[in-house]
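# Descriptive structure summary
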Amino acid sequence: MILVVDVGNTRIKAAVFEGAILLEIFVFTKIELEKNIKNILKKFQKVAHLVVSSVGDVEKQSFLAFDSVLNISFVTNDDPFPFQNKYSTPKTLGIDRMVLAAGAVFQFPNQNRLVIDAGTCITYDFIDDQNNYLGGAITPGLRLRYESLHNNTAKLPLLALESPKELIGNSTSNSIHSGVVNGLVYEIDGFITEYSTRYSNFIIILTGGDTDFLAKRLKNTIFANSNFLMESLNQTFQYKIKND
Ligand SMILES: Nc1ncnc2c1ncn2[C@@H]1O[C@H](COP(=O)(O)OP(=O)(O)O)[C@@H](O)[C@H]1O
Ligand SMILES: CC(C)(COP(=O)(O)O)[C@@H](O)C(=O)NCCC(=O)O
Ligand SMILES: [K+]
């Protein structure tokens, strides 16, 4: 049994896998890390490996308490991946984006793929049908957009995510909701349209904390899977064991 842990910039997601089967998911914050891992290990006593992918400020020492009972491995940019990395700065590429790209290759072989991860940031990652990882884009995520409007102005309130009622916002709140939500939906649809001018065929995977909210608002047909990063992390670890 494997426990995979995905440390993002907002939340930590953990999942227990038996082979390819996802048994349970846990979501928590950094301060609750040790307590949650302890509880997960108590519930799933057959967990032997802990596999971490971290783009947040959680390092190896955060798992020190479990070092004697588990085999702990952090996925790094130097691990084996099933694609050729064409990023011009491969060492600065987010490990979450590398894991997502690996998952796209494992789950959707021999085709062009665009992975969109709607988390703290929205990341776009394109892997072509020859398994070249080309790169993509990084933009602010939904929550970040609400926060940046509030944090960088004198008059804009901090609003909770809400579906805009109208395209034309008729109040401060409605203008913000339209700007943030419609703006992001147009951004994603716009990126997909631009990619289609270069690649006649590609599949689109949407993942991250805002998957469900966004999926039903997009024009294009996508595979929406909020567990995609955790599935990919499990597959990346299996791949590493085979190729190391
Ligand atoms: N309970 C929650 N706490 C924080 N963010 C949430 C929650 N539920 C949904 N979200 C959404 O999830 C996004 C963060 O997604 P997540 O995938 O957890 O980010 P990361 O992987 O960067 O930590 C935010 O933009 C927010 O809108
Ligand atoms: C872009 C990110 C901040 C996204 O983080 P997340 O939204 O998943 O928390 C992360 O992938 C990262 O730190 N990337 C490094 C820069 C790069 O990928 O080029
Ligand atoms: K992201």
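Labelled according to an unreviewed UniProt entry, the protein appears under the name Type III pantothenate kinase, originating from Flavobacterium fryxellicola. UniProt lists a comment for the protein under the heading Function (unreviewed entry), and it reads "Catalyzes the phosphorylation of pantothenate (Pan), the first step in CoA biosynthesis." Database annotation for the protein, UniProt heading Pathway (unreviewed entry): "Cofactor biosynthesis; coenzyme A biosynthesis; CoA from (R)-pantothenate: step 1/5."

### Thoughts on the sheet that holds strand 7 (residues 113–118)
Pairing in this open sheet of 6 strands is mixed, and the strands run 6-9-8-7-10-11 from one edge to the other. Here the strands that pair on one side only, and so sit at the sheet edges, are strand 6 (84–85) and strand 11 (223–224). In the sheet, strand 8 (residues 121–127) pairs with strand 9 (residues 132–140) via 7 bridges, with the strands oriented antiparallel. Paired with D125 across the strands is G136, a residue of strand 9.

### Thoughts on the sheet that holds strand 4 (residues 49–54)
Within the open sheet, the 5 strands sit side by side as 3-2-1-4-5. Their pairing is mixed. Strands at the two margins of the open sheet, each flanked by one partner only, are strand 3 (21–28) and strand 5 (71–74). Adjacent strand axes in the sheet meet at a mean angle of 20° when their direction is disregarded. For strand 4 and strand 5, the ladder comprises 4 bridges, and the chain directions are parallel. Bridge assignment links V52 to a residue of strand 5, and that residue is F74. Helix-sheet contacts for helix 6 (residues 228–243) involve strand 1 (2–7), strand 2 (12–18), strand 3 and strand 4, and the interaxial angle to strand 1 is about 125°.

### A few points about the environment of L161
Tracing the backbone through its elements, the reader meets L161 in the loop between helix 3 (142–151) and helix 4 (172–198). Residue class for L161 comes out partly exposed when judged on the 13 C-beta atoms lying within 10 Å of it. As for L161 and V27, which are separated by 134 residues in sequence, their C-alpha atoms are 19 Å apart. If we skip the residues at most four places from it in the chain, L161 touches L142, Y146 and F213.

### Things to note about the site of ligand 2
Near ligand 2 there are 14 residues, and of these G8, N9, G94, G119 and T120 occur at the shortest range. Every element with two or more residues in the shell around ligand 2 is listed here: helix 2 (95–107) and strand 8. Its residues placed into classes, the shell around ligand 2 shows 4 nonpolar, 7 polar and 3 charged.

### What to know about the confidence of the model for the protein
Predicted confidence across the protein gives a mean pLDDT of 97, with 100% of residues reaching 70 or more. Interface confidence in the predicted complex, given as ipTM, is 0.98; pTM for the same model is 0.98.

### Some words on the site of ligand 1
Close contacts around ligand 1 come from 13 residues, with G8, G119, T120, R143 and G209 the closest. Of the residues contributing to the shell around ligand 1, the split by class is 2 nonpolar, 8 polar and 3 charged. Each of domain 1 (2–74) and domain 2 (84–233) gives at least three residues to the shell around ligand 1.

### Description of the packing of helix 3 against helix 4
Axes are the key here: two packed helices are described by the angle between their axes and the distance separating the axes. Relative to each other, helix 3 and helix 4 sit at 145°, their axes nearing to 10 Å. Classified by chirality, the crossing of helix 4 by helix 3 is right-handed. Residues L142, R145, Y146 and L149 of helix 3 lie in contact with helix 4, whose contacting residues are I176, V180 and L184.

### Section: the UniProt feature "binding site: K(+)" (unreviewed entry) in the protein
Within this numbering scheme, the UniProt entry marks D117 as carrying the feature "binding site: K(+)" (unreviewed entry). Following the sequence through the fold, D117 ends up in strand 7. Residue class for D117 comes out buried when judged on the 28 C-beta atoms lying within 10 Å of it. Setting aside residues no more than four positions away along its own chain, D117 makes contact with D96, L100, I122, T123, T207, G208 and L229.

### Regarding the pairing of strand 9
In this sheet, strand 9 lies alongside strand 6 in parallel orientation, the contact comprising 2 bridges. Residue pairing across strands places Q84 opposite N132, the latter belonging to strand 9. Counting the residues between successive antiparallel strands, the hairpin from strand 8 to strand 9 contains 4 residues, one of them, N131, with a positive phi of roughly 60°.

Definitions and cut-offs
- Sequence order sets the numbering: in each chain, residues are counted from 1 along the sequence as written.
- Key to labels: chains lettered from A, ligands numbered from 1, both in the order written.
- A pLDDT threshold of at least 70 governs which residues receive local features in this predicted model, and a stricter bar of 80 or more applies before side-chain atom pairs are shown or counted, although totals over entire chains, interfaces and linings include all residues.
- UniProt positions are given in the numbering used here, feature names are shortened, and annotations may be inferred rather than shown by experiment.
- Pairing between two strands is assigned when DSSP locates at least 2 bridges connecting them.
- Put simply, DSSP H or I for four residues or longer makes a helix, DSSP E for two residues or longer makes a strand, and each gets a number counted from the N terminus.
- Every angle, taken between N-to-C directions, lies between 0 and 180 degrees, and every axis is a line fitted to C-alpha atoms, over only the stretch in contact when it is a helix.
- Contact between two residues is assigned when their C-beta atoms, built from the backbone, lie within 7 Å.
- Exposure in this text rests on C-beta crowding, where 20 or more other C-beta atoms within 10 Å of a residue's own make it buried, 12 or fewer make it exposed, and counts in between make it partly exposed. The C-beta atoms are placed from the backbone.
- The criterion for a residue being near a molecule or strand is simple: its C-beta atom, placed using the backbone, must lie within 6 Å of it.
- For this classification, Asp, Glu, Lys and Arg are treated as charged, while Ala, Val, Leu, Ile, Met, Phe, Trp, Tyr, Cys and Pro are nonpolar and the rest, including Gly, are polar.
- Note: pLDDT gives the predictor's confidence per residue, expressed from 0 to 100.
- These domain boundaries are the output of an automatic or database domain assignment.
- With the far helix as reference, a near helix turned anticlockwise by less than a right angle produces a left-handed crossing, and one turned clockwise produces a right-handed crossing.

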